[in-house]
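An overview of the molecular structure
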Amino acid sequence: MRHNKKFNHLGRKTAHRKAMLSNMACSLIMHKRIATTVPKAKALKLYIEPLLTKSKEDTTNSRRVVFSYLQNKEAVTELFREISVKIADRPGGYTRILRTGFRLGDNAEMCIIELVDYNENMLKEKSAKKTKRTRRAGTAKATTEAAPAKETVKEEAAPVEEAPKAEEAPVVEETPAEAPATEEKEAEKAE
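Quick notes on the rules
- Starting from 1, residues in each chain are numbered consecutively following that chain's sequence as written.
- The predicted nature of this model means local features are confined to residues of pLDDT at least 70 and side-chain atom pairs, given and counted, to a pLDDT of 80 or more, with totals for whole chains, interfaces and linings taken over all residues.
- Only hydrogens and water are removed before side-chain values are computed, so all heavy atoms of the structure are retained for them.
- Each pair of strands is called paired provided DSSP finds at least two bridges between the two strands.
- By definition, any uninterrupted DSSP run of H or I lasting at least four residues is a helix, any uninterrupted run of E lasting at least two residues is a strand, and each is numbered from the N terminus.
- Structural elements are reduced to axes, namely lines fitted to C-alpha atoms, with helices fitted over the stretch in contact, and the angle between N-to-C directions of any two is expressed from 0 to 180 degrees.
- Residue contacts are defined here by distance: any two heavy atoms, one from each residue, within 4.5 Å place the two residues in contact.
- Accessible area is worked out with a 1.4 Å probe on protein chains only. A residue is then buried under 20% of its type maximum, exposed over 50%, and partly exposed in between.
- As used here, the arc belongs to the directions running from the helix axis to the C-beta atoms.

**A look at the sheet that holds strand 3 (residues 109-115)**
Strand order in the open sheet formed by three strands is 1-3-2, and the pairing between neighbours is antiparallel. Unpaired on one side and paired on the other, strand 1 (33-37) and strand 2 (95-102) mark the two borders of the sheet. Averaged over all adjacent pairs, the angle separating strand axes in this sheet is 25°, with direction ignored. Strands in contact with helix 2 (residues 38-55) are strand 1, strand 2 and strand 3; relative to strand 2, the strand with the most contacts, it is inclined by about 170°.

Given below as structure tokens:
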């Protein structure tokens, strides 16, 4: 009986499954992202996350344990030299699965599994979100929002006030982008 044995066998015998997961883990470590099917990616996630946790502690024993799973010296050195440094402060969740659609041949659900700290597009988006948050809290956004509003008020008020107050300059502060526009308006008024 197989009560409470709930991992995915992936339609393979034990030796084939272990070899496949080992090869996929090595590829993920070397290339930082691989494309595969969703069930294989979920199985790989269960396989590689304990190895990534083990790599945080660089001892001879942990290197031997990781090598017994991966069977690839280059992948082990890459894991302990570069990846473990990046994931040192992360408490878990080292991989991300992004679904990409369905394969044409057999309609299998495909995905990309990647190491979280190595996706530069997501890191850029995350840093952009952080700057937006600081701008909301600070006064920088308030001035940038107020500046376009002042421009529209000037444009609306300028035709009304042209005749009686042609020589008076407005007291409103101008940004460098507004200065050439007002000089052109004054040149047109003079003509």
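**Things to note about helix 3 (residues 60-70)**
Turning to helix 3, its buried residues number three or more, namely S62, V66 and L70. Buried residues along helix 3 cover an arc of 65° about the axis, so they all sit on one side. Summarising the geometry of helix 3, the exposed residues directed more than 90 degrees from the buried face are T60, N61 and R64. Where helix 3 is buried, its residues touch helix 1 (14-31), helix 2 and helix 4 (73-86).

Function-wise, these values are silent; they only describe arrangement.
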